[in-house]
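Descriptive analysis of the structure
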Amino acid sequence: MGPDDTAEQVPDDQNRYHPSEPGPALKKRRRKRKQFPEMISSAAAVNGLRVLRPHTKPATTYSETDDLTDDDPSVISKHHRRRSGKISDLAKEVDIEALIAISVGFPIDSLTEEEIEANVVSQIGGIEQSNYIVVRNHILARWRSNVSIWLTKDHALESIRVEHRTLVNSAYSFLINHGYINFGLAPAVKEAKLRPIDSIARGDVIVIGAGLSGLVAARQLIFMGFKVVVLEGRTRPGGRVHTKKMSGGDNGVVAAADLGGSVLTGINGNPLGVLARQLGFPLHKVRDICPLYLPNGKTVNSEIDSNVEVSFNKLLDRVCKLRQAMMEQVKSVDVSLGTALEAFRRVYKVAEDPLERMLLDWHLANLEYANATLMSNLSMAFWDQDDPYEMGGDHCFIPGGNERFVRALAEDLPIFYDRKVESIRYGIDGVLVYAGGQEYHADMVLCTVSLGVLKKGVIEFVPELPKRKKDAIERLGFGLLNKVAMLFPYDFWGGEIDTFGHLTEDPSMRGEFFLFYSYSSVSGGPLLVALVAGDAAIKFEKMSPVESLERVMEILKGIFSPKGIAVPDPLQAVCTRWGQDQYTYGSYSYVAIGASGDDYDILAESVGDTVFFAGEATNKQYPATMHGAFLSGMREAANILRVAKRSPVLAEKTNCLNEESDDVDRLFETPDLAFGSFSVLYDPRLNDLESNSLLRVAFKCEQLDCSCLYLYGLIQKGQVIKLSSLDGDVNRIQMLNRDFRVRLVGRNSLYSAAESLITCIKSARSFLT
Ligand SMILES: Cc1cc2nc3c(=O)[nH]c(=O)nc-3n(C[C@H](O)[C@H](O)[C@H](O)COP(=O)(O)OP(=O)(O)OC[C@H]3O[C@@H](n4cnc5c(N)ncnc54)[C@H](O)[C@@H]3O)c2cc1C
């Protein structure tokens, strides 16, 4: 057993399922589920479809079923009965498509700001807009029904009348550019995405950070025709998504522990759910049983438990009413959620009994976990501003951990690790980014570092960021959550549950190991993850991992020993330290007192059409989540495209770029190493001896007119060093063939074998000043 002291981050999933309550508790104590506005009425829906669906027969009097019969050959018999049935089927279909659009974040009967900016219709608010919405929903739903395919515009037109081609064009372009369709990692999509959508090169973009937002943005930007390089400070991709492989014991017990983002909080409309479907990853629904244990190991009486939960919810409702009244009268006043709740608790004498008090504290700890901060820091007015947008559906784990997404997203991208960005200089000529002793030049930069990193001022912006932005960075909160992941020789807690809670008598430590996640069914081994939230999360970082582990083991023994269950020592344990991690300085964002949802929007604003921002803390609707990070990456890729399209400087540059020759031999004019007839280009992303290099060997051929024949191969960097230490090309060729078994090939064959390496070398060279 040996506790690592890994500096990683905190957990997120706030789903505590009450034993007596069906369904999951929500992220921030699921108070009210998102209220969908009235669905489109069937009549309106059918009307919308009638306008839009194709009809092959000229009709003197139009009938909705004309369109439907085109879609459904079986309708010919039982004609009359089916006709009326069809109308409602159609209406239902439109309603379902609208629901799908809502789950993805579209409003029911209006355009999003993004759609308005993209000029998807010529006039806001008329019939064209209504028709556009039906078309957009239809295309969206069609792709979502089979996310393995690349949906073409022609596919979309198959079910829409041809006179609405303009609307289809508009909706299709919007959806594809903003990453609502044809995104992800299905083979058909992935292949299409690594090639630009058109032959137009659009300029260079540096993406800072290979977390979810940076990876998603980089993929989308390449697809849009940008030359992209990703600069990442760590030596791995994923940022706050990090799955640690744990192992131990004579029997080789192993498990995958998510030390950062772990739960997909709501699967409906969630882009990570789409990726899981495309990649064939099964989803494990987090089961809604969560027993709560007292310090002496006894299970809390379910009646008392639910009474306190009801009281807790009532307190929150009272705070809601108070803030409504305050908003109407004094708009700018805010206090902490903690202060308001405590005031009401005293007035209404809630949880005065010690057991009830412990239970209430448990709920408060759960809230502090959801928000990664203390109740005393949360804005009473806006702490739950994102509730209306919450993704619906089950909360799920990905067996094997979320790094499976990261690995797939990072594949083939030009990511340069170990490049900690220190400064960004920007102006009308583009940007200069200084990282790891090198300067990179590009037209634009997308900064995806965490709000914690921005707050610390790790990156110097020259000129300084606008005051409005700096103020928002200061106002918005960035909190802390930590985890202890423990791999045991066997599952002693019982495999029937995914979560159990623990109450504590000391209110100041209520967040310490208040919730345990069992990953036995998804991680591959008997893994428990204990959460540390609120004040305890801060104190936790000052403790040694050994002490932390002792404390958590004491709690586990307190719960299970009285039941006659022996608690074994863990085979391996990891304590996270997300607050001290220099690449995040905390776990995720929250709305602090004095801040509001608008601050997320301000963080998302670009500066001078040159510096762009993505990341969970730039997403007002879905902050603090993996899907929020994902969606922000897509949003900014679309934003960068919009700016590039209207920039005359970039348009001109684009033309020049298109004329540039694509010559590998140009790269070899300045090799990283040359000896004899051998020249070598190293992989600029990696520095280890096993990384691949590109080798070129020149063969003099006097019989031919040309002076040299070049052959190429892929070879490890360590092998290059061995070759260079030999005397004479003959010996080197021998070693190459005999010892390393490297096959030299001509230029044409080289491309298939080394395409991604060549692209990376080119990117690195073109970005370096
Ligand atoms: C403990 C914990 C638990 C969580 N649990 C959940 C959960 O269950 N469900 C959920 O949906 N979300 C959860 N989250 C939140 C989720 O993980 C994040 O919202 C999401 O991963 C953030 O992605 P991002 O791209 O915005 O930022 P990051 O992942 O932080 O990416 C930013 C990247 O920038 C790099 N970087 C930083 N500074 C520099 C620099 N100077 N130079 C170069 N590179 C730099 C970083 O190394 C990082 O790779 C959790 C987070 C934590 C910490």
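Residues numbered from 1 in each chain as written. Predicted model: local features only at pLDDT ≥ 70, side-chain atom pairs only at ≥ 80, totals over all residues. Heavy atoms only, no water.

In spatial order, the strands read S6-S9-S7; together these three strands make up an open sheet with antiparallel pairing. Whereas interior strands pair on both sides, the edge strands pair on one side only; in this sheet they are strand S6 (264-265) and strand S7 (284-285). Taken together, the two bridges between S6 and strand S9 (residues 395-397) define a ladder with antiparallel strand orientation. Within the sheet, the bridge partner assigned to Leu264 lies in S9 and is Cys396. (Pairing = 2+ DSSP bridges. Helix = DSSP H or I, 4+ residues; strand = E, 2+ residues; numbered from the N terminus.)

Turning next to the UniProt feature "domain: SWIRM" (unreviewed entry) in the protein. As recorded in UniProt, the feature "domain: SWIRM" (unreviewed entry) lies at residues 91-192. Here residues 91-192 runs as 62% helix and 0% strand, with 34 Å between its end C-alpha atoms. (UniProt positions renumbered as here; feature names shortened; annotations may be inferred.)

Once that is clear, we can look at the pairing of strand S5 (residues 253-258). Burial within S5 is extensive, with five of its six residues counted as buried. As defined by bridge partners, strand S4 (residues 243-248) adjoins S5 across six bridges and the pair is classed as antiparallel. Bridge pairing in S5 places Thr243 opposite Asp258. In this structure, the hairpin formed by S4 and S5 is closed by a connection of four residues, where Gly249 is found at a positive phi of approximately 85 degrees. (Buried < 20%, exposed > 50% of the residue type's maximum accessible area, 1.4 Å probe, protein only.)

A separate point is the pattern of salt bridges. Scanning all chains against the criterion turns up 28 salt bridges. For Glu117, the salt bridge identified is with Arg642, shortest N-O distance 3.3 Å. Here the residue Glu117 occupies a position in helix H4 (residues 113-117), and Arg642 occupies one in helix H21 (residues 626-646), the gap between them amounting to 525 residues. On the basis of relative accessible area, Glu117 is assigned to the partly exposed category, the value being 47%. Take Arg642: its relative accessible area is 30%, and that puts it in the partly exposed class. Between Asp361 and Arg510 there is a salt bridge, and its shortest N-O distance comes to 3.0 Å. Of this pair, Asp361 sits in helix H13 (residues 354-371) while Arg510 sits in the loop between strand S18 (499-502) and strand S19 (512-518), and the two are 149 residues apart along the sequence. There is no split in this pair, since Asp361 and Arg510 are both buried. (Salt bridge = Lys/Arg side-chain N within 4 Å of Asp/Glu carboxyl O.)

It is the contact of helix H10 (residues 271-279) with H21, at a shortest axis distance of 8 Å, that shows an interaxial angle of 90 degrees. What the angle tells us is that H10 and H21 run roughly perpendicular. Contacts between H10 and H21 involve Pro271, Leu272 and Leu275 on the former and, on the latter, Met626, His627, Phe630 and Leu631. (Axes fitted to C-alpha atoms, helices over the stretch in contact; angles between N-to-C directions. Parallel < 35°, antiparallel > 145°, perpendicular 65-115°, else oblique. Contact = heavy atoms within 4.5 Å.)

For the rest of this paragraph, the subject is the confidence of the model for the protein. Predicted coordinates in regions of low pLDDT should not be interpreted in detail. Model confidence for the protein is summarised by a mean pLDDT of 84, while 83% of its residues fall at 70 or above. Here residues 53-85 is modelled with pLDDT under 50, and outside its nearest four sequence neighbours on either side it reaches 48 contacts, counting other chains as well. The low-confidence segment residues 655-661 (pLDDT under 50) makes eight contacts with residues lying over four places distant or belonging to another chain. Under the prediction, the complex receives an ipTM of 1.00, its pTM being 0.81. (pLDDT = per-residue confidence, 0-100.)

Secondary-structure assignment places Val207 in strand S2 (residues 204-208). Assessed through its relative accessible area of 0%, Val207 is described here as buried. It is 36 Å that separates the C-alpha atoms of Val207 and Phe740, two residues lying 533 residues apart in sequence. Setting aside chain neighbours within four positions, we find Val207 in contact with Gly214, Ala218, Leu221, Val228, Val229, Val230, Leu231, Leu446 and Thr448.

This paragraph deals with the pairing of strand S13 (residues 438-442). Consecutive residues of a regular strand have side chains that alternate between opposite faces of the sheet. As judged from the five bridges shared by strand S12 (residues 430-435) and S13, these two strands associate in the antiparallel manner. Bridge assignment links Val433 to a residue of S13, and that residue is Tyr440. The antiparallel pairing of S12 with S13 creates a hairpin that spans two residues between the two strands, and Gly436 there sits at a positive phi of about 55 degrees.

All right, on to H10 then. Along H10, seven of the nine residues are buried, which leaves the element largely enclosed by surrounding structure. Regarding H10, the residues found buried are Pro271, Leu272, Gly273, Val274, Leu275, Ala276 and Gln278. Of the surrounding secondary structure, the elements contacted by the buried residues of H10 are helix H5 (127-145), helix H8 (187-193), S6, helix H14 (403-410) and H21. For H10, the capping residue at the N-terminal end is Asn270, with a side-chain oxygen 2.9 Å from the backbone nitrogen of Leu272. Phi turns positive one or two residues past the end of H10, at Gly280, with a value near 75 degrees. (Polar contact = N/O pair within 3.5 Å; in protein donor to acceptor, adjacent residues only side chain to side chain.)

Moving on, we come to the UniProt feature "binding site: FAD" (unreviewed entry) in the protein. Here, UniProt's "binding site: FAD" (unreviewed entry) annotation points to Ser213 and Val421. As for the largest cavity, its lining draws on Ser213 and Val421 from among the annotated residues. Examined against the element boundaries, Ser213 turns out to sit in helix H9 (residues 212-223). Accessibility expressed as a relative area gives 4% for Ser213, which makes it buried. Apart from the residues within four sequence positions on either side, Ser213 is in contact with Thr448, Ala614, Gly615, Ala629, Ser632 and Gly633. On the secondary structure map, Val421 appears in strand S11 (residues 421-427). The exposure class of Val421 is buried, given its relative accessible area of 4%. When sequence neighbours within four positions are dropped, the list of residues in contact with Val421 reads Ile208, Leu231, Val433, Tyr434, Ala435, Val458 and Ile459. (1 Å grid on protein atoms, 1.4 Å probe; cavity = no way out; pocket = protein on both sides within 12 Å on 5 of 7 lines; lining within 4 Å.)

Right, let's get into the packing of aromatic side chains. For any pair of aromatic rings, geometry is given as the distance between the ring centres together with the angle between the planes. By the definition in use, this model includes 25 aromatic pairs. An angle of 40 degrees between the planes, with centres 6.1 Å apart, marks the rings of Tyr517 and Tyr519 as tilted. Neither Tyr517 nor Tyr519 differs from the other in exposure class; each is buried. Centre to centre, the rings of Phe668 and Tyr712 are 6.1 Å apart; their planes meet at 50 degrees, and the pair counts as tilted. Highlighted residues: Phe668 in the loop between helix H23 (664-667) and strand S24 (673-675) and Tyr712 in strand S27 (residues 708-716), separated in sequence by 44 residues. Overall, Tyr712 belongs to the buried group, its relative accessible area being 1%. Here a set of aromatic residues connected by ring pairs shows up, and it is made of Tyr293, Phe488, Phe492, Trp493, Phe500, Phe516 and Phe560. When the ring centre of Phe281 is taken as reference, the NZ or CZ atom of Arg404 above it lies at 3.8 Å. (Phe/Tyr/Trp six-rings, centres within 6.5 Å; stacked < 30°, edge-to-face > 60°. Lys NZ or Arg CZ within 6 Å of the ring centre and 35° of its normal.)

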